[in-house]
Amino acid sequence: MRGFEAIQAGHTPSELDELYKDILIHVTGFFRDAEAYGALREQVFPNLFRDRKPEDGPVRVWIPGCSTGEEVYSICIILLEYIWEQASNMPISSAAAKEIQVFATDISEASLDRARSGLYSEGAVSGVSAERLKRFFVRRDGGYQIIKSIREMCIFAKQNLAKDPPFSSLDLISCRNLLIYLGPVLQQRVIPAMHYGLKPTGYLMLGGSESLGAFSDHFTLIDKKHKIYQKKKTAARLVTYFTGFDYTQRKSEEPRSSNLPETVLTVEKEIERLLVNRYIPASVVVNEQLEIVQFHGRTGAFLEPAPGHPTFSLSKMAREGLLVDLRSALSKAKKDNSTVRKEGVVVTSNGSRRAVDLEVVPLRVQGSSERFFLVVFLDPAQKPTVPSRKRPPGRNERGRQSPVVRDNQRLTREVTQLKEQFQSLIEEHETTLEEFKTANEEVLSANEELQSTNEELETAKEELHSSNEELTTLNEELQNRPIRVNVKRKISPVGSMPTPFLVSAFSPTCFERAHSIRESVVFLCSLETFFSSP
Ligand SMILES: C[S@@+](CC[C@H](N)C(=O)[O-])C[C@H]1O[C@@H](n2cnc3c(N)ncnc32)[C@H](O)[C@@H]1O
């Protein structure tokens with residue numbers, strides 16, 4: 001088990017993939033522990049949905065170690081059933097899309113592929129009631145497939161719980177039957193990571209034989225039998241070990257300015273955390289490949305899960321209207337290594353248009369060569385305004401801008417932005433052209449080298465051909481000549497050759513014995529001299 005821990009904690013080389021498949025147990029099932037799901041429904045869901053306002057965003061659920069997806073879809077099903085009970089006339093698609101966001105991760109890509117497909121054999125769904133089968137599955141390929149609207153609620157991604165950063169602002173984490181496969185060392189990494197990922201009052205459900213060990217002080221036990229815990233509101237942040245970018249971790253490492261007692265600091269931190277969670281502008285951290293590694297605040301108005309294969313690609317998740325400005329701001333920030341701001345970008349979300357200011361801040365993480373960028377979506381309405389006594393031109397007596405002036409300003413801004421975009425497109429185009437030129441030159445020189453190699457080969461081939469012809473002629477001559485019996489008498493001209501070799505040289509395999517065609521030719525020439533001598 002210690003070797004297993006070492007593999008999981010370190011950077012896994014590809015040749016270990018096969019080993020992983022063998023040693024990781026993927027046993028799972030639909031409604032594997034029906035009672036535990038019942039407890040979730042009774043003791044957790046009402047708290048998640050009670051008094052929930054639209055601005056609170058969707059309920060965020062994370063299922064690490066999701067294996068082939070049965071647990072994920074079971075949770076989706078009971079969540080949807082709960083929502084329907086509460087709002088019985090809500091259609092499934094709107095209930096699913098608006099209320100719940102499910103992140104499901106596993107270390108095994110093969111399991112994730114199966115989970116994404118949502119296809120299960122008859123045997124796999126034997127524990128699912130006929131009513132649920134009818135409602136949440138469709139018949140496909142001799143088995144059953146989870147309906148599309150549920151599959152679309154779930155984002156499946158590869159993640160090593162022992163070292164990759166967790167999701168954040170989660171209402172519920174269901175981490176069942178995974179901790180038992182990790183030793184105590186890994187458990188000490190994994191539990192703080194999940195604690196970090198939960199909202200201040202988020203819930204955690206473990207498998208029946210799992211527990212929080214030394215971390216139980218940081219959670220309130222809600223249901224002992226079914227291993228349901230709630231994060232303590234005042235719990236201090238635990239030390240986390242994930243190796244991805246985590247700037248809250250760096251913040252907490254800043255030296256403390258006072259000698260206040262730990263409890264006061266904890267409460268202060270919690271208040272700070274609450275405020276940050278509530279008022280932090282919607283933002284994401286992306287890597288150089290523009291893949292989102294962290295979400296902060298409410299990003300739903302700017303990003304949405306892309307249809308098809310689940311992805312965290314910023315380009316794919318950006319809502320209508322954002323992409324061009326996002327890409328140009330990111331490429332400028334990358335090139336100049338400085339903060340780039342784009343104002344008044346118009347984004348369309350659920351049919352309505354709104355303006356947003358984008359800010360891209362390059363980040364460097366200590367000890368990592370990878371670059372990250374913080375993308376912040378700012379509400380232009382929240383910009384600090386300077387009070388003025390005089391009525392500025394274009395404003396009415398209430399200080400508001402007239403619609404014409406507003407439109408004018410917006411259009412001017414859009415034109416400026418388009419110009420900038422155009423310019424950056426031209427630059428990108430020129431760089432690409434340069435790259436093409438260099439690549440083309442390389443191809444040309446490689447071609448020339450190939451040509452000269454080819455010519456050399458041709459010459460060698462011709463030489464070989466003529467040697468072969470000579471050899472054939474000599475061979476024919478040799479065959480037509482009567483062989484004299486008293487070979488031994490004639491040995492003296494080629495005295496250096498041992499008799500058995502000379503005799504065997506007349507056998508049909510004589511040429512096989514020569515080391516090369518040239519040697520054969522030389523050898524045959526000496527024979528020729530020998531036979532033609534008086
Ligand atoms: C027994 S299955 C649990 C399936 C599901 N949670 C359930 O209870 O039905 C354990 C899963 O954990 C995954 N796993 C093991 N180590 C992991 C790690 N370090 N990070 C993420 N997943 C891991 C395995 O690939 C496997 O699919």
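The structure displayed is predicted, hence computed values, not measured ones. (Residues numbered from 1 in each chain as written. Predicted model: local features only at pLDDT ≥ 70, side-chain atom pairs only at ≥ 80, totals over all residues. Heavy atoms only, no water.)

**Some details on the state of the cysteines**
Formally, a disulfide is one covalent bond, and it connects the sulfur atom of one cysteine to the sulfur atom of another.
Consideration 1: Evaluated as defined, the whole model comprises 0 disulfides.
Consideration 2: Cysteine C66 shares no disulfide, and the gap to the nearest cysteine sulfur, in C154, comes to 9.2 Å.
Consideration 3: The buried category is assigned to C66, whose relative accessible area is 1%.
Consideration 4: Not part of a disulfide, C76 finds its nearest cysteine sulfur in C154, a span of 3.6 Å. (Disulfide = S-S within 2.5 Å. Buried < 20%, exposed > 50% of the residue type's maximum accessible area, 1.4 Å probe, protein only.)

**Section: helix 7 (residues 109-117)**
Consideration 1: For helix 7, the complete set of buried residues consists of S111, L112, A115 and R116. Looking down the long axis of helix 7, one finds its buried residues gathered within 135 degrees of arc, a one-sided arrangement.
Consideration 2: Of the surrounding secondary structure, the elements contacted by the buried residues of helix 7 are helix 5 (70-86), strand 2 (100-106), strand 3 (119-120), helix 9 (148-151) and strand 6 (154-158).
Consideration 3: In the segment just after helix 7, G118 is the residue with positive phi, at about 65 degrees. (Helix = DSSP H or I, 4+ residues; strand = E, 2+ residues; numbered from the N terminus. Arc of directions from axis to C-beta. Contact = heavy atoms within 4.5 Å.)

**Some points on the environment of H296**
Consideration 1: With respect to the element layout, H296 can be found in strand 12 (residues 292-296).
Consideration 2: H296 sits in the buried class, given a relative accessible area of 10%.
Consideration 3: Taking the C-alpha atoms as reference, H296 lies 8.4 Å from V285; in sequence the two are 11 residues apart.

**Quick look at the packing of helix 3 (residues 34-43) against helix 5**
Consideration 1: Here helix 3 crosses helix 5 at 40 degrees, and the two axes come no closer than 11 Å. On the basis of their axis angle, the class for helix 3 and helix 5 is oblique. In terms of crossing hand, the pair formed by helix 3 and helix 5 is right-handed. Within the contact between the two elements, helix 3 uses Y37, L40 and R41 and helix 5 uses E71, S74, I75, I78, Y82 and E85.
Consideration 2: Here the residues of the contact of helix 3 with helix 5 sort into 5 nonpolar, 1 polar and 3 charged. (Axes fitted to C-alpha atoms, helices over the stretch in contact; angles between N-to-C directions. Parallel < 35°, antiparallel > 145°, perpendicular 65-115°, else oblique. Left-handed = near helix turned anticlockwise from the far one by under 90°. Nonpolar A, V, L, I, M, F, W, Y, C, P; charged D, E, K, R; others polar.)

**Looking at a negative patch on the surface**
Consideration 1: Together, E455, E456, E458 and E462 line one region of the surface with negative charge.
Consideration 2: Turning to its location among the elements, E456 is positioned in helix 15 (residues 403-480).
Consideration 3: Judged by relative accessible area, E456 falls into the exposed class, the value being 59%. (Patch = residues over 30% accessible without salt bridge, like charges linked within 9 Å, V, L, I, M, F, W, Y side chains within 5 Å. Areas by Shrake-Rupley, 256 points an atom, 1.4 Å probe, with all protein chains shown as cover. Salt bridge = Lys/Arg side-chain N within 4 Å of Asp/Glu carboxyl O. Lys, Arg positive; Asp, Glu negative; His and termini not counted. Charge placed at Lys NZ, Arg CZ, Asp CG, Glu CD.)

**With respect to the sheet that holds strand 3**
Consideration 1: The sheet built from 3 strands is open, its strands ordered 3-5-4 with antiparallel pairing. Where the open sheet ends on each side, the last strands, each with one partner, are strand 3 and strand 4 (137-140). (Pairing = 2+ DSSP bridges.)

**Observations regarding the pairing of strand 4**
Consideration 1: Sheet topology places strand 4 next to strand 5 (residues 143-146); 4 bridges connect them, and they run antiparallel. Bridging across to strand 5, F137 finds its partner in I146.
Consideration 2: Between strand 4 and strand 5, which pair antiparallel one after the other, the connecting turn spans 2 residues, and D141 there sits at a positive phi close to 45 degrees.

**Quick look at the pattern of salt bridges**
Consideration 1: Under the defined criterion, the tally for this structure stands at 18 salt bridges.
Consideration 2: E85 is paired through a salt bridge with R41; the nearest N and O atoms lie 2.1 Å apart. Here R41 lies in helix 3 and E85 lies in helix 5, a separation of 44 residues in the sequence.
Consideration 3: Residues R116 and E109 are paired through a salt bridge, measuring 3.7 Å at the closest nitrogen-oxygen approach.
Consideration 4: Connected through salt bridges with shared partners, the residues R341, E343, D357 and E359 form a single ionic network.

**Topic: the sheet that holds strand 1 (residues 59-64)**
Consideration 1: Across the sheet, 7 strands lie side by side as 6-2-1-7-8-10-9; this open sheet has mixed pairing. In this open sheet, the two strands that pair with only one neighbour each are strand 6 and strand 9 (219-223). This sheet shows a mean twist of 20 degrees between the axes of neighbouring strands, independent of strand direction.
Consideration 2: In the sheet, strand 1 pairs with strand 7 (residues 170-175) via 2 bridges, with the strands oriented parallel. Among the inter-strand pairings, V61 is bridged to a residue of strand 7, identified as L172.
Consideration 3: Sheet strands touched by helix 10 (residues 184-197): strand 1, strand 7, strand 8 (198-206), strand 9 and strand 10 (228-231). Its angle to strand 8, the strand with the most contacts, is close to 135 degrees.

**Quick word on unusual backbone geometry**
Consideration 1: With phi around 45 degrees, D141 is a residue other than glycine that occupies positive phi space.
Consideration 2: For D141, the position within the fold is in the loop between strand 4 and strand 5.
Consideration 3: Unusually for a residue other than glycine, N177 sits at a positive phi of about 55 degrees.
Consideration 4: With respect to the helices and strands, the residue N177 is situated in the loop between strand 7 and helix 10.

**Quick notes on the nonpolar core**
Consideration 1: One finds L204, L314, L322 and F377 to be the most contacted residues of the largest nonpolar core, which totals 51 residues.
Consideration 2: Taken domain by domain, this core gets at least three of its residues from each of domain 1 (2-251) and domain 2 (280-384).
Consideration 3: Among all residues touching F377, those that are not within four sequence positions of it are P281, A282, S283, V284, F302, L303, L322, V356, D357 and L358.
Consideration 4: Residues L40, I63, I100 and I146 belong to the second largest nonpolar core, which totals 47 residues. (Core = buried A, V, L, I, M, F, W, Y, C linked by side-chain atoms within 4.5 Å. Domains from an automatic or database assignment.)

**Some details on the pairing of strand 7**
Consideration 1: Along strand 7, 6 of the 6 residues are buried, which leaves the element largely enclosed by surrounding structure.
Consideration 2: Where strand 7 lies against strand 8, 5 bridges are found, and the strand directions are parallel. Counterpart to L170 in the pairing with strand 8 is L198.
Consideration 3: With helix 10 bridging strand 7 and the parallel strand 8, this β-α-β connection has right-handed handedness. (Right-handed = clockwise from strand over helix to strand, strands pointing away.)

**Here's the deal with the packing of aromatic side chains**
Consideration 1: All chains considered together, the criterion is met by 13 aromatic pairs.
Consideration 2: Ring geometry for F31 and Y37: centres 5.7 Å apart, planes at 75 degrees, overall edge-to-face.
Consideration 3: Ring geometry for F219 versus Y229: centroids 6.4 Å apart, planes at 70 degrees, classification edge-to-face. Taken together, the residues span a long stretch of sequence, with F219 in strand 9 and Y229 in strand 10 at a distance of 10 residues. Like F219, the residue Y229 is buried in the burial classification.
Consideration 4: Sitting above the plane of the F31 ring, R132 keeps its charged end 4.2 Å from the centroid. (Phe/Tyr/Trp six-rings, centres within 6.5 Å; stacked < 30°, edge-to-face > 60°. Lys NZ or Arg CZ within 6 Å of the ring centre and 35° of its normal.)

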